[in-house]
Amino acid sequence: MTSTNDANVELNKKIIDLYSDPSFEDIWGSHMHHGFYDLDATTKPNVQTAQIRLIEEALRFANVPEGSSKKPATILDVGCGIGGPLSYVAKKYGAKGIGIDISPHNIQRGTEISNAQGLGHEVTFQVADALQLPFSDGQFGIVWSLECGDHLPDKTKFVSELVRVAAPGGTIILTTSCLGDLTPNEESLKPQERELLQSLRESMCLLEWISCAHYVDLFKSHAMKVLPSTYLYTSVPVVIHVT
Ligand SMILES: C[S@@+](CC[C@H](N)C(=O)[O-])C[C@H]1O[C@@H](n2cnc3c(N)ncnc32)[C@H](O)[C@@H]1O
């Protein structure tokens, strides 16, 4: 019989293999997340523009202050990929950034890219598991995670780790794929929706997704103040203020 622990080790190995493929960087560049697209726009922006827009919309939505006295000093990026979003946000606020990722390849590339950009002192990277963050409680003004939750087998533990390392008064910003809410007449996803999800899961190591409302409940169970969420094109930002 396979234990949960063995299954997680197996999953992490598959994820590490998946993200060791250099074609990810060729296709996505240093941002490996979806973008923000206006549904009623007549022309579509290019992917890089839409990715930066997603970051800016998430920060705006979270009311992250830009003024010098209140701007965040420390940012943790959970599942940072090769560091595009972390470098962007750290540079924007002149903050210290730490990125963690399960993939040694991503951590190596993140370090090389940020060094090449002259950000080596501001932004650092280390291999770590999002479900076991190697930090003491209450350290980070912003805890940030873009589309890492999609891969994680235990959303309850994920949320409790994000909450644990956030500083009092800090902000957690999470964008991740979620299941759509069911209509009052639906009891489950439609068979073709389940089939599509299953094929995505197998090819991209995606674990069981939960709804946005379920994420909100998980954060509320830690007495977090959750801003009303807004649906973006592909991801949903759940923004939580740590009180
Ligand atoms: C879609 S990529 C997003 C990367 C980055 N956040 C970005 O937006 O560019 C998902 C990332 O989550 C990382 N990941 C998956 N499972 C993880 C885990 N258990 N702990 C830490 N990182 C993990 C993957 O290695 C990958 O870099």
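Residues numbered from 1 in each chain as written. Predicted model: local features only at pLDDT ≥ 70, side-chain atom pairs only at ≥ 80, totals over all residues. Heavy atoms only, no water.

As recorded by an unreviewed UniProt entry, the protein chain carries the name Methyltransferase type 11 domain-containing protein and is attributed to Kingdonia uniflora. Quoted verbatim from the Pathway (unreviewed entry) field of UniProt, the annotation for the protein chain is "Alkaloid biosynthesis." UniProt's Sequence similarities (unreviewed entry) comment on the protein chain is quoted here verbatim: "Belongs to the class I-like SAM-binding methyltransferase superfamily. gTMT family." (UniProt positions renumbered as here; feature names shortened; annotations may be inferred.)

Draft legend 1. Just unusual backbone geometry, in detail. In the Ramachandran plot, Cys205 falls in the positive-phi region, its phi being about 55 degrees despite a non-glycine side chain. The topology assignment puts Cys205 in the loop between helix 7 (191–204) and helix 8 (212–220). At Ala223, a residue that is not glycine, the phi angle is positive and equals roughly 60 degrees. Mapping Ala223 onto the fold places it in the loop between helix 8 and strand 6 (225–226). (Helix = DSSP H or I, 4+ residues; strand = E, 2+ residues; numbered from the N terminus.)

Draft legend 2. Molecular detail of the packing of aromatic side chains. Here the structure, examined in full by the defined rule, presents 2 aromatic pairs. For the pair Phe135 and Phe140, a centre-to-centre distance of 5.1 Å together with 80 degrees between the ring planes defines the contact as edge-to-face. This pair shows no difference in class: Phe135 is buried, exactly as Phe140 is. A cation over an aromatic ring shows up here: Lys44 above the ring of Tyr37, its NZ or CZ 5.4 Å from the ring centre. (Phe/Tyr/Trp six-rings, centres within 6.5 Å; stacked < 30°, edge-to-face > 60°. Buried < 20%, exposed > 50% of the residue type's maximum accessible area, 1.4 Å probe, protein only. Lys NZ or Arg CZ within 6 Å of the ring centre and 35° of its normal.)

Draft legend 3. View of the confidence of the model for the protein chain. Chain-level statistics for the protein chain give a pLDDT mean of 88 and a share of 92% at 70 or above. Note that pLDDT drops below 50 for residues 231–236; the model gives that stretch 21 contacts with residues more than four away or on any other chain. (pLDDT = per-residue confidence, 0-100. Contact = heavy atoms within 4.5 Å.)

Draft legend 4. Inspection of the UniProt feature "domain: Methyltransferase type" (unreviewed entry) in the protein chain at higher detail. Annotation from UniProt places "domain: Methyltransferase type" (unreviewed entry) at residues 76–174. Helix makes up 34% of residues 76–174 and strand 30%, whereas the separation of the span's terminal C-alpha atoms amounts to 12 Å.

Draft legend 5. Region of the structure containing the site of the ligand. Inspection of the region around the ligand gives 22 residues, with Met32, Gly79, Asp101, Ala130 and Leu146 positioned closest. Taking Ile102, its main chain carries an N or O atom lying 3.2 Å from a nitrogen atom of the ligand. At 3.0 Å from a nitrogen atom of the ligand is found a side-chain nitrogen or oxygen belonging to Asp129. A total of 590 Å² of accessible area belongs to the ligand in isolation, and the protein chains cover 97% of it. If one sorts the elements of the shell around the ligand by residue count, helix 1 (residues 4–19) sits on top with 3 residues. Of the residues contributing to the shell around the ligand, the split by class is 11 nonpolar, 8 polar and 3 charged. (Near = heavy atom within 4 Å. Polar contact = N/O pair within 3.5 Å; in protein donor to acceptor, adjacent residues only side chain to side chain. Areas by Shrake-Rupley, 256 points an atom, 1.4 Å probe, with all protein chains shown as cover. Nonpolar A, V, L, I, M, F, W, Y, C, P; charged D, E, K, R; others polar.)

Draft legend 6. Region of interest: the pattern of salt bridges. This structure, assessed with the given rule, holds 12 salt bridges. The partner of Glu25 in a salt bridge is Arg109, and the shortest N-O contact between them spans 2.7 Å. Pair noted here: Glu25 is in helix 2 (residues 23–28) and Arg109 is in helix 5 (residues 104–116), with a separation of 84 residues, a long-range link. The class for Glu25 is partly exposed, based on a relative accessible area of 23%. Arg109 gets classed as partly exposed once you look at its relative accessible area, which sits at 23%. With a shortest N-O distance of 3.8 Å, Arg201 and Glu208 are connected by a salt bridge. Judged by relative accessible area, which is 16%, Arg201 ranks as buried. A relative accessible area of 52% places Glu208 in the exposed class. Connected through salt bridges with shared partners, the residues Asp38, Arg53, Glu57 and Arg60 form a single ionic network. (Salt bridge = Lys/Arg side-chain N within 4 Å of Asp/Glu carboxyl O.)

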